Each structure stands twice: as C-alpha cells, then as structure tokens.
Amino acid sequence: MRNFSNFSASRFIEEAINEIKNKVGTERAVAACSGGVDSMTSTLLAHRAMGDRLTAVYIDDGFRREGEPEWVMRLLKRLGIRARLEEKSKEFFDALKMKVDPEEKRKAFREKFYSVIGKVVEEAGGRYMVQGTIAADIAETVGGIKTQHNVLEQIGIGTERYGFKLLEPVRGLYKPQVREVARELGLPPEVVGRAPFPGPGLAIRVLGEVTPERVAIARKATQVVEEETREVKSFQSFAVLLSDRCTGVVNGRRVYGRIIVVRVVSSEDAMTARAIQVPYQILGRVSRRIVGEIPGVVRCLFDLTNKPPATIEFE
Ligand code: XMP
C-alpha cells in the first residue's frame with residue numbers, strides 16, 4: 001500500500017470534485033452504484049460536482065445480498081441523488097450460463113455489466129460513466145491475480161465501444177482512505193464501515209456454474225454468516241457454495257448434499273488478509289443455522305487460510 005500518512009480527505013474531496021467538473025463540463029453522467037463504500041463515495045463525489053446531471057444506477061444482476069436493491073435505492077433517495085433501478089438478472093444469468101472457469105465467469109460478468117451500463121448512459125443522454133474502482137482492484141488485475149470486474153483502461157480495454165468515457169474518482173485510493181473520504185462526505189456509518197462485496201457478487205461465491213438455485217443458497221448462507229458474525233471485527237465475513245457435494249444423513253436417510261464454506265478475514269487494504277479465529281460458539285451457531293435453514297446443505301466448513309496463498313474470494 002502507498003504511504004498515505006499525509007492524506008487529507010477534505011483536500012482530496014475538493015480536488016476530486018474539481019477534476020470531475022473540469023472533465024465533464026456541462027455533460028451528463030451515470031454512476032454505477034452498488035451501495036458499497038467505493039461506489040457510494042464515487043457517486044457522491046460526482047453528485048457534488050454535477051448535481052442532477054448525474055443519474056445513479058443500481059443494476060440488479062441477481063447476485064446481490066438479500067434486500068440489497070431496496071436498501072441502496074432508499075439510501076440514494078435519502079441522499080437526494082437521482083437514481084434508477086435496472087432489473088437485469090435474467091440477462092446476467094444467461095451471460096454466465098455453463099461457465100465454470102473463474103476467469104471466464106469474471107470476463108462474462110464484466111462484458112454484460114458494461115453493455116448494460118452503456119445502454120443506461122445512452123438513455124440518460126450521458127457521455128460519462130462513474131465507477132468506484134480503487135487502487136487494490138487495479139493492482140490485482142494488472143498484477144494478473146484476477147480480473148476484477150471494474151478494471152478496463154488500465155489493461156488496455158477502451159470504453160468507446162460501450163459508448164462512454166470513464167470517471168474513477170477514487171482509483172488512487174485504498175480502502176482505508178476511501179472510508180476516510182466517505183466519512184468526511186457525511187455518508188452514514190453503515191456505508192462508511194460496510195464490508196466489501198465483490199462486483200460480480202454471489203456469482204463468484206458460487207463455485208462453478210451459476211444458477212438461480214445455487215445463488216439462492218449462497219445468498220441465504222451469506223445472510224446467516226453476516227448476522228451471526230456481527231460482533232466479530234472483520235474486514236469480510238461471508239459464505240461460499242462449493243461445486244462438490246458430499247454425503248449426509250437427513251431424517252435417517254442418505255443424501256448427497258451441498259457444502260458451504262464460511263470465511264471471516266481481517267485486512268487493511270485487501271492485498272493481504274488473515275483468517276480470524278472466530279469463537280467456536282459463534283461458528284457452531286453459524287453451522288447449525290446453515291444446515292438447519294438451507295435445504296440441501298449438509299456440511300459447513302470454516303476456512304483457516306490467510307492471503308497469500310489464498311485470495312479473499314474463492315474465485
Ligand atoms: P481477492 O479475492 O482478490 O479480493 O483477495 C480482494 C478484494 O477485492 C474484492 N473483489 C472484487 N471487488 N470487483 C470488485 O469490485 C471484483 O471483481 C472483485 N473481486 C474481488 C474482494 O471481495 C476483496 O475485498
């Protein structure tokens with residue numbers, strides 16, 4: 001991570017707003033807003049620079065947490081930002097159909113994401129697209145670790161074919177600085193402290209092929225893990241559905257069931273991470289709820305691995 005010891009959030013905000021104003025002039029823009037701290041901060045910076053010439057769009061790709069689309073739309077409304085919801089889950093599931101390789105899945109997600117956004121930008125009469133790419137996303141993609149969904153120009157992919165130019169106001173910052181900027185902008189604490197959620201969402205927390213049924217299992221498991229580990233101070237706390245199955249016994253009969261992995265990590269900037277020693281009592285509750293509340297899941301595992309060599313996400 002770069003040395004940010006002299007970082008001033010208020011100075012950064014002033015400069016970022018001026019940069020957006022200078023680039024955009026009197027044009028319109030669309031901000032892709034997932035409700036995470038990176039995209040909310042970028043959206044708010046653009047809104048301060050452009051007011052109602054900015055439209056925030058939440059794309060419901062079908063891979064989000066439970067209740068997320070409604071939560072984000074309420075938040076944007078409360079912040080006075082013009083916003084629209086695009087329900088595109090069928091398109092995204094189709095785009096990922098039969099894909100099992102993680103990089104193929106990520107690239108298919110990225111392609112669909114930008115073509116959907118391109119249409120929204122066109123409909124809004126805009127020329128710019130605002131996104132919350134941060135320095136760690138760029139470092140991971142450029143470094144060849146994995147294709148993050150929101151890194152294009154830095155790997156030589158122009159955005160002309162999608163019909164917009166990019167604005168990435170927080171691209172030079174890592175997560176701790178983004179949180180400082182978010183706080184300084186007055187974003188609510190639940191946004192400032194929000195756990196990161198990957199752009200491709202549950203699509204990369206379901207290993208192997210993405211289907212609505214498998215995503216629903218991962219969504220419910222994620223909800224359980226997040227609820228039960230609320231008291232654990234973590235960077236990310238989530239569930240992953242494995243592609244393998246295993247033998248279990250339900251009501252005295254053999255079943256060949258699903259396996260969920262629980263991952264709880266601490267990290268500063270997402271470039272390295274440590275598996276947290278979650279108290280066994282909490283893990284026990286997580287496991288009992290997951291196998292008890294999600295039909296078909298018969299086994300729950302806990303991931304003890306640090307990054308490196310594991311990455312935070314499984315795909
Ligand atoms: P990994 O798995 O590479 O994750 O250790 C590092 C951080 O990045 C998040 N992540 C993503 N964020 N688009 C994003 O916006 C992506 O494609 C993506 N992939 C991983 C991950 O959740 C972790 O915080």
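Residues numbered from 1 in each chain as written. Predicted model: local features only at pLDDT ≥ 70, side-chain atom pairs only at ≥ 80, totals over all residues. Heavy atoms only, no water.

Participant: Summarise the overall build of the protein chain; cite the residues concerned and give the values.
Facilitator: When you go through the protein chain residue by residue, the secondary structure sums to 10 helices and nine strands. Whereas a compact globule of 315 residues would reach a radius of gyration of roughly 20 Å, the protein chain reaches 20 Å, a difference of no more than 12%. The principal-axis extents of the C-alpha atoms in the protein chain amount to approximately 70 × 40 × 40 Å. Looking at the protein chain as a whole, 55% of its 315 residues are labelled buried. Total accessible area on the protein chain is roughly 14500 Å²; 48% of this is exposed by carbon and sulfur atoms. Of note, the protein chain has its 50 positive side-chain charges centred 2 Å away from the centre of its 42 negative side-chain charges. (Helix = DSSP H or I, 4+ residues; strand = E, 2+ residues; numbered from the N terminus. Rg over C-alpha atoms; globule rule 2.2 N^0.38 Å. Buried < 20%, exposed > 50% of the residue type's maximum accessible area, 1.4 Å probe, protein only. Areas by Shrake-Rupley, 256 points an atom, 1.4 Å probe, with all protein chains shown as cover. Lys, Arg positive; Asp, Glu negative; His and termini not counted. Charge placed at Lys NZ, Arg CZ, Asp CG, Glu CD.)

Participant: Please set out the nonpolar core residue by residue, giving values where relevant.
Facilitator: In terms of nonpolar packing, the biggest core is built from 46 residues, with F63, F113, I117, M129, F164, I260 and I290 touching the most fellow members. Every element with two or more residues in this core is listed here: β1 (29–32), β2 (54–60), α4 (89–96), α5 (102–123), α9 (212–228), β6 (236–250), β7 (253–266) and α10 (280–293). No other element matches α5, which puts seven residues into this core. Those residues in contact with M129 that lie beyond four places of it in its chain are V30, A32, F113, Y114, I117, V121, F164, K165, L166 and L167. (Core = buried A, V, L, I, M, F, W, Y, C linked by side-chain atoms within 4.5 Å. Contact = heavy atoms within 4.5 Å.)

Participant: Tell me about the pairing of β2, and name the residues and values.
Facilitator: Within β2, seven of the seven residues are buried, leaving the element largely enclosed by the surrounding structure. Side-chain alternation along β2 places L54, A56, Y58 and D60 on one buried face and T55, V57 and I59 on a second face that is also buried. As for the winding sense of the linkage, the β-α-β connection from β1 through helix α2 (residues 37–50) to β2 is right-handed. Across five bridges, the pairing between β2 and strand β3 (residues 83–87) is parallel. The residue bridging A56 from the neighbouring strand is A83, located in β3. (Right-handed = clockwise from strand over helix to strand, strands pointing away. Pairing = 2+ DSSP bridges.)

Participant: Now, about the packing of α2 against helix α7 (residues 175–185): what can you tell me, with residues and values included?
Facilitator: Contact geometry of α2 with α7 gives a least axis separation of 10 Å together with a crossing angle of 45 degrees. By the angle between their axes, α2 is oblique relative to α7. Crossing of α2 against α7: the hand is left-handed. Contact with α2, carried on its side by V37, D38, T41, L44, L45 and R48, involves K175, V178, R179, V181, A182 and L185 of α7 and no other residues of that element. Residues belonging to the contact of α2 with α7 are distributed by class as follows: seven nonpolar, one polar and four charged. (Axes fitted to C-alpha atoms, helices over the stretch in contact; angles between N-to-C directions. Parallel < 35°, antiparallel > 145°, perpendicular 65-115°, else oblique. Left-handed = near helix turned anticlockwise from the far one by under 90°. Nonpolar A, V, L, I, M, F, W, Y, C, P; charged D, E, K, R; others polar.)

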